[in-house]
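# What the coordinates show
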Amino acid sequence: MGSKTAYSSKTMTNIYMIRRRRWANVGAVYLLLLIFSIGFMGPFLFAALSSLKDDPLEWPPRITVNQLKLSNWIAAYKLGKAGGGGGFFGAFAPGAVVPFEVTYKVAPGKEPVVPEVVIPRRIPGSAAAALLLKEFAADYAEVSEIKEVEREVLEDGSTLVTYRFEIRHTGDIVIDRLPLDITVPFKQIFVKGTLDPNRIERLGRVQSWDNITSGVIPYIFHNYHRVFSENYSRSTGKNLFMSWIFNSFYLAFVRVITTLLFASMAGYALARLKFAGKNTIFVFMLFSMMIPGQVTFISNYLVLRDGIFGISKLFGMDSLLNTYTGLIISGLVGASAVFIMKQFFEGLPVSLEESARIDGANTYQIFFKIMLPLAKPALGALTILTFQGVWNEFFWPLVVLTSPQDKFTLTLGLLNFRQTYAVAFDWGPMLAGAIISALPIIILFIVFQKYFIEGISFTGIKG
């Protein structure tokens, strides 16, 4: 009896130890995955956070962002309404009276000095954005008398003093921004304001706001708002950023359609049909997958320049350079897409075709009515992989599309930001544009991640 009890106790101990090791292993795997996910996603999340900041390059970097504080959202809403606009999208309209308060801390023994309030003639953004601004709030704004409304002496002898003033619109036109600068003596420290300032400069003497009546949405997404509002075509007046997004979607959509059509047909032919030279064609196709695009881009460029050996002249085009037609034709279908479809069709049962042929179906009927509907998983994976590739494509569009800027894709447009913003070290809009360009791919991956995994499993390669 005693030996049985000891045996049972030893068995229970072993089971406990096995479970403990199992949970320890699971915990280690989860910790490893968590580290990998932080490593992969951390830079993107930090970039997304920094894209909301007024100064994305601030040092040391902070996780807290003024634009994400609830108190600032409420203040931006109230100021937007006070400015005569809406709470979400504000303005500075005729008759508006915008109240504002600021609080400063003054060292013991020193008397607070009334701050100097100025509505500056500040040009927002840079380059083309400067040409958009025709009216300045400074020409129509009137600052009221600055009154001290509260004073409190702290335990250490320092003084907290709050000033209040109003900004009145004395004109008759609506202005979309109301900048504000407040200057105080050295060591009169800014503590808080109705809205947190965008910048504190000159050793804390000057607090600046870009637009105190912007409303909630432009306040939070200031850099994103600039990306859409400050980039326009000087020749056509179109919003360039919207045009770039539309161009990228258009090219991605057309290339997805052509890839699905030609890759499925070629893949089926290579997988199931018997014809002379099939294996040679497949070998050439595999060989083409191993050649980098940079090796063949000169020959491809010359082919497009000459209108595909002069054929384009039949349609009134001397050259296919700087046209979407050239960009689409040169990327109608890729060898990797054909390879994916061939692998998939080879995995389908041959008996399906044999049954269809016994019933009198020809090759086209078998392909379109039987095989193609069964290829939905492969077509879904191919759709996402192709869209991802075309959306992020940079080198070949850079070679083919040259001017005007209205024709650029989003990746080329972001390169254009280098001249617009980077020269002025204005990194906020650049970060915002990069985040926007990544969003469609992220949404596609989240919604269709199953097809991504299947796409990789079909081929054994990464898309």
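Before reading on, note that the structure itself is shown above.
The structure contained in this document is the topic of the report that follows. Computed from a prediction, not measured in an experiment: that's the story for all the values here. (Residues numbered from 1 in each chain as written. Predicted model: local features only at pLDDT ≥ 70, side-chain atom pairs only at ≥ 80, totals over all residues. Heavy atoms only, no water.)

So, about the packing of aromatic side chains. Scanning all chains against the criterion turns up 23 aromatic pairs. For the pair Phe387 and Trp391, a centre-to-centre distance of 5.7 Å together with 15 degrees between the ring planes defines the contact as stacked. Of the two residues, Phe387 and Trp391 both sit in helix 13 (residues 376-392), four residues apart, roughly one turn of that helix. For Phe387, a relative accessible area of 12% corresponds to the buried category. Trp391 gets classed as buried once you look at its relative accessible area, which sits at 3%. Ring geometry for Phe417 versus Tyr421: centroids 5.2 Å apart, planes at 90 degrees, classification edge-to-face. Here Phe417 matches Tyr421 in class, with each residue buried. What links up through ring pairs into an aromatic cluster is the set Phe100, Tyr104, Tyr163, Phe165, Phe190 and Trp209. (Phe/Tyr/Trp six-rings, centres within 6.5 Å; stacked < 30°, edge-to-face > 60°. Helix = DSSP H or I, 4+ residues; strand = E, 2+ residues; numbered from the N terminus. Buried < 20%, exposed > 50% of the residue type's maximum accessible area, 1.4 Å probe, protein only.)

Once that is clear, we can look at the sheet that holds strand 6 (residues 180-183). In space, the four strands of this open sheet follow the order 2-6-9-8, with antiparallel pairing throughout. Strands at the two margins of the open sheet, each flanked by one partner only, are strand 2 (116-118) and strand 8 (199-201). The sheet shows a mean angle of 20 degrees between the axes of neighbouring strands, direction not considered. Pairing between strand 8 and strand 9 (residues 206-209): three bridges, direction antiparallel. Paired with Arg199 across the bridge in strand 9 is Ser208. (Pairing = 2+ DSSP bridges. Axes fitted to C-alpha atoms, helices over the stretch in contact; angles between N-to-C directions.)

The subject of this paragraph is helix 8 (residues 293-305). Under the 1.5 Å per step criterion, the end-to-end length of helix 8 is 17 Å for 13 residues, consistent within 8% with the ideal 18 Å. At Ser299, helix 8 shows its maximal bend, which comes to roughly 30 degrees. (Expected span 1.5 Å × (residues − 1). Bend = angle between axes of the 7 residues up to and from the residue.)

Right, let's get into the nonpolar core. Core analysis: the largest hydrophobic core is formed by 62 residues, its most contacted members being Phe241, Met341 and Phe345. Looking at which element gives the most residues to this core, the answer is helix 6 (residues 240-272), with 13 residues. Other than its neighbours up to four places away in sequence, Met341 contacts Ala263, Ser264, Gly267, Ala375, Ala378, Leu379 and Leu382. Among the nonpolar cores identified, the runner-up in size contains 32 residues, and Phe92, Ile167, Ile212 and Tyr219 belong to it. (Core = buried A, V, L, I, M, F, W, Y, C linked by side-chain atoms within 4.5 Å. Contact = heavy atoms within 4.5 Å.)

Burial within helix 15 (residues 410-420) is extensive, with eight of its eleven residues counted as buried. Buried within helix 15 we find Leu410, Thr411, Leu412, Gly413, Leu414, Asn416, Phe417 and Thr420.

Bringing the pairing of strand 6 into the picture now. Examined bridge by bridge, strand 2 and strand 6 share three bridges and lie antiparallel to one another. Paired with Val117 across the two strands is Ile182, which belongs to strand 6. Relative to strand 9, strand 6 is paired through four bridges, and the arrangement is antiparallel. Each bridged residue has a counterpart across the sheet, and for Leu180 the counterpart in strand 9 is Trp209.

This part is about the environment of Thr213. Of note, Thr213 is situated in the loop between strand 9 and helix 4 (216-220). On the accessibility criterion, Thr213 (0% relative accessible area) is buried. With 74 residues separating them in the primary sequence, Thr213 and Phe287 have C-alpha atoms 61 Å apart. In this structure Thr213 touches Leu79, Gly80, Gly83, Gly90, Ala91, Phe92, Val98 and Leu178, once residues within four positions along its chain are discounted.

Okay, the pairing of strand 9 next. Consecutive residues of a regular strand have side chains that alternate between opposite faces of the sheet. With burial as the criterion, each face of strand 9 is covered, one bearing Val206 and Ser208 and the other bearing Gln207 and Trp209. Between strand 8 and the antiparallel strand that follows it, strand 9, lie four residues; Arg202 among them carries a positive phi value of about 50 degrees.

Looking now at the packing of helix 15 against helix 16 (residues 427-447). Where helix 15 meets helix 16, the axes come as close as 10 Å, and the angle between the chain directions of the two elements is 170 degrees. As summarised for this structure, helix 15 and helix 16 are arranged roughly antiparallel, according to the angle between their axes. Along its contact with helix 15, which presents Leu410, Leu414, Phe417 and Arg418, the element helix 16 presents Pro429, Met430, Gly433, Ala434 and Ser437. Among the residues forming the contact of helix 15 with helix 16, the class breakdown is six nonpolar, two polar and one charged. (Parallel < 35°, antiparallel > 145°, perpendicular 65-115°, else oblique. Nonpolar A, V, L, I, M, F, W, Y, C, P; charged D, E, K, R; others polar.)

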